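# Descriptive analysis of the structure
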Amino acid sequence: MEEIEKVIIAGLELPGSNLEYQMDELASLVIANNMEVVDRILQKLDRPNSATYFGSGKLEEITNLATAQKADTVVVSEELSPSQLSNLEKETGLHFLDRTGLILEIFANRAHSREAKLQVELAKLEYQLPRLRTSSSQRLDQQTAGNAGGGYTNRGAGETKLELNRRTIRNKIAHINKELKEISTSSEVQRKQRDKKDIPSVALVGYTNTGKSTTMNGLVRMFGRSDEKQVFEKNMLFATLDTSVRKLSFPDRKEIVLSDTVGFVSHLPHHLIQAFRSTLAEAAQADLLVQVVDLSDPHYREMMTTTEETLREIGVTDVPMVYAFNKADLAGVTYPTLDGTQLTYSARQVQSLEMLTSLIKKQLFKNYVEATFLIPFSEGQVVDFLNGNANVKNTEYTENGTKITAELKQQDYQRLENYLL
Ligand SMILES: Nc1nc2c(ncn2[C@@H]2O[C@H](COP(=O)(O)OP(=O)(O)OP(=O)(O)O)[C@@H](O)[C@H]2O)c(=O)[nH]1
Ligand SMILES: [Mg+2]
């Protein structure tokens, strides 16, 4: 079995910070990256030390703790500047990873599809670019140390190497961007085709690990095609990194496409958000968002704020949203209950999913109307149209034609106005 890396998590308690929550979430992120938290260490400061983030006394404490716990890596709860990271490593001899670097690693390990892999790679390169100077010159220093009489030429060579590395990274970035663009235009084509078919789309959004994929799977079991694949659900942060789209068909013939996508976390690295734009575009294109919230998490309000901020950042501002407060079974409240656009439910319960379905349908099919038409026998194609596209509630054969009562889209209703009874 692969040895699990032991790490220490460390954070600064700055005025006004909610460090305990931050550290708990950091610990979950560390676990999500297949590492083990062996200890945590905190320091109270008015502001971070500009050179080493922590104060110098604390650095010694961190080094000692790491030795005692046999840990080589320290994960810090915030994003550090490139020079802070390299100073910390120099002063302690330990490996430091900041929160951004950690999230990038998780995403890199989880990405399966070509698109997700490219997106993570892009975010990593963008993150590395400003950090290149320190790490590559360090490597050159080490080379010089082992290479007796390296002399003054090394410095010049080092600069050139750095420039070369930067150029290589920029080239890679350009290449990946091009490839991603090709992929996104092709998925855009697919999306357009769906749009043309007029099927309304619903996107599940929300904080990571709230139960989006479980909700999707439950709905697909009830209303999806029997050969539709289940999506991956697991109790860990960032189980889902790709967008999955499934079609649901309800007994009344109404259909929707439902998408499940990557979850959010507070301070999601900016580069990642940029890189995942096209994956997240599914939400921007949706007719309705269902924000899945983990009601059993004491911090669910903060998580909702983060979700809404992240949606704004990716430009999703004017899609209507309903709220699905999940894991009600763990929260110890009565469920399922519906209050306006707010559902309290459990994604593991059929009755709950039925209520979610009716909430979604109520929002999406608001402009459906019920009407009764009388269609002359000579116009059988209109009867076929209604049977194929409307929720037919009653059919009667009269002397003058077929009398059909049906629930249908406003625009179809207008088209068929001539046949109104
Ligand atoms: N008790 C309980 N657990 C639930 C419920 N819904 C989901 N879970 C569990 O919560 C965990 C996370 O569920 P997922 O569906 O993978 O969550 P997600 O929102 O897709 O998470 P990411 O893809 O990581 O963003 C899994 O272990 C689920 O079994 C629920 O209603 N009650
Ligand atoms: Mg998921």
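Residues numbered from 1 in each chain as written. Chains lettered and ligands numbered in written order. Predicted model: local features only at pLDDT ≥ 70, side-chain atom pairs only at ≥ 80, totals over all residues. Heavy atoms only, no water.

Inspection of the entire model under this criterion finds six aromatic pairs. Where Phe223 meets Phe250, the ring centres are 4.8 Å apart and the plane angle is 70°; that geometry is what we call edge-to-face. Placement of the pair is Phe223 in helix α8 (residues 212-223) and Phe250 in the loop between β6 (244-249) and β7 (255-260), with a sequence separation of 27 residues. As far as the burial class goes, Phe223 and Phe250 line up, both buried. Grouped by ring-pair contacts, the aromatic residues Tyr300, Tyr323 and Phe325 constitute a single cluster. (Phe/Tyr/Trp six-rings, centres within 6.5 Å; stacked < 30°, edge-to-face > 60°. Helix = DSSP H or I, 4+ residues; strand = E, 2+ residues; numbered from the N terminus. Buried < 20%, exposed > 50% of the residue type's maximum accessible area, 1.4 Å probe, protein only.)

A word on the pattern of salt bridges. Counted according to the given criterion, the structure contains 13 salt bridges. Between Lys361 and Asp252 there is a salt bridge; the shortest N-O distance is 3.1 Å. Within this pair, whereas Lys361 is found in helix α13 (residues 350-364), its partner Asp252 is found in the loop between β6 and β7, the two being separated by 109 residues in sequence. Pair check on accessibility: Lys361 and Asp252 agree, each one buried. When salt bridges with common partners are traced through the structure, they connect Asp252, Lys254, Lys361 and Glu407 into a single cluster. (Salt bridge = Lys/Arg side-chain N within 4 Å of Asp/Glu carboxyl O.)

So, about the domain arrangement of the protein chain. Per the domain assignment, the segments of the protein chain are domain 1 (5-110), domain 2 (114-183), domain 3 (199-364) and domain 4 (368-419). The interface of domain 1 with domain 3 comprises 13 residues on the first partner and 17 residues on the second. Taken together, both faces of the contact between domain 1 and domain 3 bury some 1,300 Å²; the carbon and sulfur share is 73%. Three residues, Tyr21, Phe107 and Arg110, lead the burial of domain 1 against domain 3; their summed loss comes to 50% of the area buried on that side. (Domains from an automatic or database assignment. Contact = heavy atoms within 4.5 Å. Buried area = accessible area lost by both parts, 1.4 Å probe.)

At 2.0 to 2.1 Å from the magnesium ion (ligand 2) lie its protein donor atoms, namely Ser213 (OG) and Thr240 (OG1). One end of the pair, Ser213, is in helix α8; the other, Thr240, is in the loop between α8 and β6, with 27 residues separating them in the sequence. On the accessibility criterion, Ser213 (7% relative accessible area) is buried. (Donors = N, O, S within 2.8 Å, 3.2 Å for Na, K, Ca; no water.)

A few words on the nonpolar core. Among soluble globular proteins, nonpolar side chains are generally buried collectively. The biggest cluster of nonpolar side chains holds 81 residues, and the ones touching the most others in it are Phe54, Val75, Leu102, Phe107, Phe238 and Leu289. If you tally residues by element for this core, the top one is helix α1 (residues 19-32), at eight residues. Once residues within four sequence positions are removed from consideration, Phe54 is found in contact with Ala10, Gly11, Leu12, Gln43, Asn49, Leu59, Ile62, Val76 and Leu88. Residues Val220, Val231, Ile256 and Phe365 belong to the second largest nonpolar core, which totals 26 residues. (Core = buried A, V, L, I, M, F, W, Y, C linked by side-chain atoms within 4.5 Å.)

This brings us to the sheet that holds strand β1 (residues 5-13). Hydrogen bonding along the main chain pairs the strands of a sheet, whether they run parallel or antiparallel. Spatial ordering of the open sheet is given by β2-β1-β3-β4, a layout of four strands whose pairing is parallel. Only two strands of the sheet have a single neighbouring strand rather than two, namely β2 (35-44) and β4 (95-98). In this sheet, neighbouring strand axes are inclined to one another by 25° on average, regardless of whether the strands run parallel or antiparallel. Judged from the four bridges that link them, β1 and strand β3 (residues 73-76) form a sheet pairing that is parallel. What sits directly across from Ala10, in β3, is Val76. Lying on the sheet, helix α2 (residues 56-69) is in contact with β1, β2, β3 and β4; it crosses β2 at an angle near 160°. Each of β2, β3 and β4 touches helix α4 (residues 99-110); the most contacted strand, β4, lies at about 85° to it. (Pairing = 2+ DSSP bridges. Axes fitted to C-alpha atoms, helices over the stretch in contact; angles between N-to-C directions.)

This part covers the sheet that holds strand β12 (residues 368-375). With respect to topology, three strands assemble into an open sheet ordered β12-β14-β13, the strand pairing being antiparallel. Strands at the two margins of the open sheet, each flanked by one partner only, are β12 and β13 (391-398). If you compare each strand with its neighbour and ignore which way they point, the axes differ by 15° on average. The pairing of β13 with strand β14 (residues 401-409) spans seven bridges and is classified as antiparallel. Each bridged residue has a counterpart across the sheet, and for Asn394 the counterpart in β14 is Thr405.

This brings us to the UniProt feature "domain: Hflx-type G" (unreviewed entry) in the protein chain. UniProt's feature table lists "domain: Hflx-type G" (unreviewed entry) at residues 200-330, given in the numbering used throughout. As annotated, residues 200-330 has a helix share of 33% and a strand share of 24%, and its two end C-alpha atoms lie 32 Å apart. (UniProt positions renumbered as here; feature names shortened; annotations may be inferred.)

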